Amino acid sequence: MSQIRIKRHHTMDREHVRAMTQELGEKLKGKFGGNYQWEGDMVHYKYTGVDAKVSFNETTLQVDVKLGLLMAALKGMIESEVNKYLDKHIS
């Protein structure tokens with residue numbers, strides 16, 4: 001199993017971070033299928049071979065992704081896409 005962990009600091013208010021996290025869940029669902037659900041201040045996204053959690057607090061957003069054997073081959077691409085999304089949306 002392969003893992004990705006990305007941690008970013010932010011200066012956004014809670015509602016903005018929550019909306020951005022919701023949008024990310026919708027994008028993943030639309031692009032790859034699977035499903036996501038809120039668990040407090042964390043979105044948990046599951047798809048065959050992918051188990052991702054995006055959590056946040058007042059100053060930090062963290063993305064944790066566990067990739068199954070087949071998805072591990074796409075680790076670099078997935079990590080790059082997540083970083084691009086965060087670069088674009090986090091202030």
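For the structure itself, consult the block above.
Bear in mind the structure is a predicted one, so any value in this text is a computation, not a measurement.

Trainee: Please provide a residue-by-residue account of empty space enclosed by the protein, values included.
Mentor: In this structure the tally under the stated criterion is one cavity of 30 Å³ or more. Reported here for the largest cavity is a volume of approximately 40 Å³. Forming the boundary of the largest cavity are Leu-24, Gly-25, Leu-28, Val-43, His-44, Tyr-45, Ala-52, Lys-53 and Val-54. For the lining of the largest cavity, the elements supplying multiple residues, two or more each, are α1 (14-32), β3 (42-47) and β4 (50-56). Residue classes in the lining of the largest cavity are distributed as six nonpolar, two polar and one charged.

Trainee: Tell me about α1, and please be specific about residues and values.
Mentor: In an α-helix, one turn spans 3.6 residues, which is why side chains three or four residues apart end up on the same side. Here α1 spans 27 Å end to end across 19 residues, near enough to the 27 Å set by a 1.5 Å rise per residue. Listing the buried residues of α1 in full gives Val-17, Met-20, Thr-21, Leu-24 and Gly-25. Seen along its axis, α1 keeps its buried residues to an arc of 140°; they face one direction. Set apart from the buried face of α1 by more than 90 degrees, the exposed residues are Glu-15 and Gly-30. Structurally, α1 contributes buried residues whose contacts are with β2 (35-38), β3, β4, β5 (60-67) and α2 (75-89). At the N-terminal boundary of α1, the capping side chain belongs to Asp-13, with an oxygen 3.2 Å from the backbone nitrogen of Glu-15. After α1 finishes, the residue Gly-33 shows a positive phi value of roughly 90°.

Rules of the game
Residues numbered from 1 in each chain as written. Predicted model: local features only at pLDDT ≥ 70, side-chain atom pairs only at ≥ 80, totals over all residues. Heavy atoms only, no water. 1 Å grid on protein atoms, 1.4 Å probe; cavity = no way out; pocket = protein on both sides within 12 Å on 5 of 7 lines; lining within 4 Å. Points joined across faces, edges and corners; volume = space filled by probe spheres on them. Helix = DSSP H or I, 4+ residues; strand = E, 2+ residues; numbered from the N terminus. Nonpolar A, V, L, I, M, F, W, Y, C, P; charged D, E, K, R; others polar. Expected span 1.5 Å × (residues − 1). Buried < 20%, exposed > 50% of the residue type's maximum accessible area, 1.4 Å probe, protein only. Arc of directions from axis to C-beta. Contact = heavy atoms within 4.5 Å. Polar contact = N/O pair within 3.5 Å; in protein donor to acceptor, adjacent residues only side chain to side chain.

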